[in-house]
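Each chain is listed here by its residues.
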Amino acid sequence: QVDLVESGGGRVQAGGSLRLTCTSSEYTANSDCMAWFRQSPGKERELVAWIDNDVGTLDSNRIRYGKSVKGRFTVSQDRAKTTLYLQMNNLKPEDSDIYYCAANSACYFDPKFYVAWGPGTQVTVYS
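A. Representation of unusual backbone geometry in the model. For T82, which is not glycine, the phi torsion reads 50° and is therefore positive. Take T82: it is sitting in the loop between β7 (73-78) and β8 (83-88). Accessibility expressed as a relative area gives 18% for T82, which makes it buried. If you check the backbone angles, N90 has positive phi at about 50° while not being a glycine. Structurally, N90 can be placed in the loop between β8 and β9 (97-104). What makes N90 partly exposed here is its relative accessible area of 43%.

B. Quick peek at the side chain of S31. Position of S31 relative to the elements: it lies in the loop between β3 (18-24) and β4 (33-39). Judged by its relative accessible area of 0%, S31 is buried. With sequence-adjacent residues up to four places away left out, S31 is seen in contact with V2, E26, N53, R79, A103 and N104.

C. View of the sheet that holds strand β1 (residues 4-7). Read across the open sheet, the 4 strands follow the order β1-β3-β8-β7; overall the sheet is antiparallel. With partners counted over all chains shown, the strands left at the sheet margins are β1 and β7, one partner each. In this sheet, neighbouring strand axes are inclined to one another by 15° on average, regardless of whether the strands run parallel or antiparallel. Bridge analysis of β7 against β8 gives 6 bridges, and the strand direction is antiparallel. Bridge pairing in β8 places D78 opposite T83.

D. Layout of the pairing of β3. Counting buried positions along β3 yields 5 of 7 residues, so the element is predominantly enclosed. Inspection of the sheet shows β3 paired to β8 by 6 bridges, in the antiparallel sense. Within β8, the position partnered with T21 by the bridge is Y85.

E. Representation of the state of the cysteines. This structure, assessed with the given rule, holds 2 disulfides. Sulfur-sulfur distance for the disulfide between C33 and C107 comes to 2.1 Å. Between C33 and C107, the S-S dihedral sits near 110°, and the bridge is therefore right-handed. Taken together, the residues span a long stretch of sequence, with C33 in strand β4 and C107 in the loop between β9 and β10 (116-117) at a distance of 74 residues.

Calculation criteria
Residues numbered from 1 in each chain as written. Predicted model: local features only at pLDDT ≥ 70, side-chain atom pairs only at ≥ 80, totals over all residues. Heavy atoms only, no water. Helix = DSSP H or I, 4+ residues; strand = E, 2+ residues; numbered from the N terminus. Buried < 20%, exposed > 50% of the residue type's maximum accessible area, 1.4 Å probe, protein only. Contact = heavy atoms within 4.5 Å. Pairing = 2+ DSSP bridges. Axes fitted to C-alpha atoms, helices over the stretch in contact; angles between N-to-C directions. Disulfide = S-S within 2.5 Å.

Next up, the structure:
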């Protein structure tokens, strides 16, 4: 039983920045992987970024980004506050999506494996 809530979405001009926050009610064994996904109508939900906190995770797999956001977005966390962040810079209109926070015992690119989800926060980027 983990409750996730996203915040920080909004409307921003192309080239601007937003910072998303995901607050979890608690961290459990199903919270070692904390991830951001996004989805637009008619498209598949896609990975934005993850942080894998599992002890056995290789350093090279600790943080991963989706190809479409790599170099522009930065994921970070405050485990003591059970909070996950996503700093989004140089936003583009194609970044307009609902952004979701997700948690699981292990990290996957496929969203179907995650056991906890937030309700999402809307990000709209206009030109």
